[in-house]
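Okay, here's what each chain looks like letter by letter:
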Amino acid sequence: MPLMKSWVDSANAPDTDFPLNNLPYGSFLTGDGEAHCGVAIGDAILDVTALEEDGLLAVADQDEVLIFGDWTEFMALGPKVWARFRTDVTALLAEDAPDPVTLAAYMVPQIGTRMVLPFEVREYTDFYSSKHHAFNVGSMFRGPENALPPNWLHMPIGYNGRASSVVVSGTDVIRPNGQIKGPDDDVPRFGPSRRFDIELEIGAVVGQPSSGPISVAQAFENIFGYVLLNDWSARDIQAWEYQPLGPFQSKATATTIGPWIVPAAALEPFRASTPERENVLLPYLREPEPMLYDIALEVGLTPDGGTETIVSRTNYREMYYSAAQQLAHHTVSGCPMRVGDLLGSGTISGPDPHQRGSLLELSWGGKEPFGIEGGTRSFVEDGDTLTLRGAALGDGYRVGFGSCVGTVRPAVKLPEE
Ligand code: CA
């Protein structure tokens, strides 16, 4: 599919994340401090809450849907409404749209506009589904022969995370305190994490509820869209706490998501297959068609007052399991899924060293610090800003995710310290 032209000039630039082909969903604060739903186009945001209020855009036949300022109610209306809305907004913004002058009054510049969470995160589940990431981490701790746990090639491994600590891009992240016991310590100590890290992930936003098992094909249909996701992780806290029930406090500090939900429909031209399987998957996990996407990803690290270094470049198509497989697996126990459930892909690493999606891997457990502009890093330092970016690359255009940004601030001092 070529670039679809818009009357919004900035949407036709080859380097914009937000051409007419994309139309991602976000929520922003108006001048009055009210949250409105917006659709990104070029360097602007179309205020669709105001359009609906003024009767210029009908989302549903009955009540106003976008009045709450986030996309939860809209998602609940289902794929037919999602498709019709996308068609309507495309028509409003297309080159040959009937009334650009009226619509221009509903445009807000992206620069200087504060974004908020675009949906109510009901629950958050995080997976561990990039083989290169699992192999790297397993190699560090158990050696390359036993790197992948025996279950790994048979199912997507995950854990139930915290919805309460999911924050939108731009929110500062406070370095966590916790219990830490290194291999040479006799007893655990309490204090700030010294191995605080990022995880480059894509989050799938569940847009339709289910109760009981659903197929991979149904799971694919139930996914509304995708966001950039940084799953902040305290490696030292995790190493001590995770046995036998998995990560707990080490992953509960914050998970930053990008402000824009890129609709599954916008990613259609970029579908990709999961890799060859070492084992035949059980039937409930088999994909009837390619359900992964080709999305180029990168991580930038900017020290306090310094210059950004791109420390990783990888691709979402490196995943071993797609979000549809993860969602289908999530439901087989009978686990109900709700509108607004968020599924993290797991850290996305590629086969080459520069494609690693966490600092743990980039510095090989802290043993091989890597260079950045003006210094080196093993883990995240106070004042560092981490920026994730992503885009599916078309012919002369990109379907982008914007950026997912977080700056790390010093740990809270506790009274007894
Ligand atoms: Ca993770």
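About the cut-offs
Residues numbered from 1 in each chain as written. Predicted model: local features only at pLDDT ≥ 70, side-chain atom pairs only at ≥ 80, totals over all residues. Heavy atoms only, no water. Buried < 20%, exposed > 50% of the residue type's maximum accessible area, 1.4 Å probe, protein only. Helix = DSSP H or I, 4+ residues; strand = E, 2+ residues; numbered from the N terminus. Contact = heavy atoms within 4.5 Å. Donors = N, O, S within 2.8 Å, 3.2 Å for Na, K, Ca; no water. Phe/Tyr/Trp six-rings, centres within 6.5 Å; stacked < 30°, edge-to-face > 60°. Lys NZ or Arg CZ within 6 Å of the ring centre and 35° of its normal. Pairing = 2+ DSSP bridges. Disulfide = S-S within 2.5 Å. Salt bridge = Lys/Arg side-chain N within 4 Å of Asp/Glu carboxyl O. Polar contact = N/O pair within 3.5 Å; in protein donor to acceptor, adjacent residues only side chain to side chain.

A. Here's a closer look at helix α9 (residues 323-331). Within α9, 9 of the 9 residues are buried, which leaves it mostly tucked inside the rest of the structure. Within α9, burial applies to A323, A324, Q325, Q326, L327, A328, H329, H330 and T331. Summarising the contacts, the buried residues of α9 are in contact with β6 (124-127), β7 (158-160), β13 (200-206), α6 (216-222), β14 (223-231) and β22 (342-344).

B. Just the coordination of the calcium ion, in detail. In the first shell of the calcium ion, the protein supplies D126 (OD), E199 (OE), E201 (OE) and D231 (OD), at 2.1 to 2.4 Å from the metal. Every donor residue of the calcium ion comes from the same chain, spaced as D-x72-E-x1-E-x29-D. Taken as a pair, D126 in strand β6 and E199 in the loop between β12 (196-197) and β13 lie far apart in primary sequence, 73 residues in all.

C. Expanded view of the packing of aromatic side chains. Enumeration according to the criterion identifies 18 aromatic pairs in this entry. Each ring, one from W71 and one from F74, has its centre 5.2 Å from the other, and the planes form 85°; the classification is edge-to-face. Relative accessible area serves as the criterion here: at 0%, W71 is assigned to the buried category. Classification of F74 by relative accessible area gives buried; the value is 0%. Following the ring pairs from residue to residue traces out a cluster consisting of Y25, W71, F74, W82, F85 and F224. Sitting over the face of the ring of Y320, R277 holds its NZ or CZ atom 4.4 Å from the ring centroid.

D. Local environment of the sheet that holds strand β25 (residues 385-393). One open sheet accounts for 5 strands, arranged β9-β26-β25-β20-β21; its pairing is mixed. The open sheet has two edge strands with one neighbour each: β9 (173-174) and β21 (309-315). Of the strand pairs in this sheet, strand β20 (residues 296-302) and β21 are connected by 6 bridges, and their pairing is antiparallel. Residue pairing across strands places L301 opposite T309, the latter belonging to β21.

E. Representation of the state of the cysteines. In this structure the tally under the stated criterion is 0 disulfides. With no disulfide partner, C37 has as its closest neighbouring cysteine sulfur the one in C404, 20 Å distant.

F. Molecular detail of the pattern of salt bridges. Evaluation of the coordinates by the stated rule reveals 17 salt bridges. A salt bridge links R235 to D197; the shortest N-O distance between them is 2.8 Å. Placement of the pair is R235 in helix α7 (residues 235-241) and D197 in strand β12, with a sequence separation of 38 residues. A relative accessible area of 10% places R235 in the buried class. Taking the shortest distance from any N to any O, the salt bridge between D231 and K251 comes out at 3.6 Å. Of this pair, D231 sits in strand β14 while K251 sits in the loop between α7 and β16 (255-257), and the two are 20 residues apart along the sequence. Residues D231 and K251 agree in their burial class; the two are buried. Look at the salt bridges and you will find they share partners, linking D197, E199, D231, R235 and K251 into a network.

G. Representation of the pairing of β25 within the structure. Taken across its 9 residues, β25 has 7 buried, putting it largely inside the fold. One ladder, built from 7 bridges, connects β20 with β25; its direction is antiparallel. Across the sheet, the residue bridging to L297 is G390, located in β25. Where β25 and strand β26 (residues 398-409) come together, 8 bridges link them in antiparallel fashion. Considered in β26, the bridge of L388 is made with C404. Between β25 and β26, which pair antiparallel in sequence order, lie 4 residues; one of them, G396, sits at a positive phi of approximately 85°.

H. Main features of unusual backbone geometry. Q243 connects to P244 through a cis peptide bond whose omega is 5°. Structurally, P244 can be placed in the loop between α7 and β16. Within the chain, L23 stands out as a residue other than glycine whose phi angle is a positive 55°. Tracing the sequence through the fold places L23 in the segment before β1 (25-29).

I. Geometry of the side chain of S27. Structurally, the position occupied by S27 is in strand β1. For S27, a relative accessible area of 0% puts it in the buried group. Polar side-chain contacts of S27 include one of 2.7 Å to the backbone oxygen of G69. Among residues more than four places away in sequence, those in contact with S27 are H36, G69, D70, W71, R114, M115, V116, L117 and P118.

Just distances and angles here, no functional claims.
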